[in-house]
Amino acid sequence: MLDDALTYGGGAFSLIAVGVWLWLARRAFPNFESFVKGFDDELRLGASPEERARTARWHQVRQAAVALTAVGALCLSIGLAIPD
């Protein structure tokens, strides 16, 4: 019972993590204007507080994707290691 819960729970976390990674990958390709703007101010020295807050939120989303991946892998490995 415990191994099934960890195995299927890990699978669910892994699928959610894949969805978040795909969403992040889709958002990673900017339009041409924002691509050029990013090269104009690489260090974000002229960034407004709103832009800095948006960058911080994206960092949190990336951290959440990494955490979901780690939890999914851990649950799957534990669930598959427990003998039936």
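Quick note: structure is the one above.
Parameters at a glance
- Residues numbered from 1 in each chain as written.
- Predicted model: local features only at pLDDT ≥ 70, side-chain atom pairs only at ≥ 80, totals over all residues.
- Heavy atoms only, no water.
- Phe/Tyr/Trp six-rings, centres within 6.5 Å; stacked < 30°, edge-to-face > 60°.
- Helix = DSSP H or I, 4+ residues; strand = E, 2+ residues; numbered from the N terminus.
- Buried < 20%, exposed > 50% of the residue type's maximum accessible area, 1.4 Å probe, protein only.
- Axes fitted to C-alpha atoms, helices over the stretch in contact; angles between N-to-C directions.
- Parallel < 35°, antiparallel > 145°, perpendicular 65-115°, else oblique.
- Left-handed = near helix turned anticlockwise from the far one by under 90°.
- Nonpolar A, V, L, I, M, F, W, Y, C, P; charged D, E, K, R; others polar.
- Contact = heavy atoms within 4.5 Å.

## Quick word on the packing of aromatic side chains
All told, the structure shown has one aromatic pair when counted by the stated rule. For the pair Trp23 and Trp58, a centre-to-centre distance of 5.3 Å together with 25° between the ring planes defines the contact as stacked. Here the residue Trp23 occupies a position in helix 1 (residues 2–28), and Trp58 occupies one in helix 3 (residues 49–81), the gap between them amounting to 35 residues. Residue Trp58 is classed as partly exposed on the basis of its relative accessible area, which comes to 23%.

## Focus on the packing of helix 1 against helix 3
Between two packed helices, both the angle of their axes relative to each other and the distance between the axes serve to describe the pair. Orientation of helix 1 relative to helix 3, taken along the N-to-C sense of each, is 155°, at an axis distance of 7 Å. Classed by the angle they form, the pair helix 1 and helix 3 counts as roughly antiparallel. Seen from above, helix 1 lies across helix 3 with left-handed handedness. Its residues placed into classes, the contact of helix 1 with helix 3 shows 19 nonpolar, seven polar and three charged.

## Some details on the environment of Ala17
Here Ala17 lies in helix 1. Sequence separation between Ala17 and Ala64 is 47 residues, and the spatial gap between their C-alpha atoms is 8.6 Å. When residues no more than four places from it in sequence are discounted, the contact partners of Ala17 are Ala65, Leu68 and Thr69.

As far as function goes, none of this settles anything; it's purely spatial.
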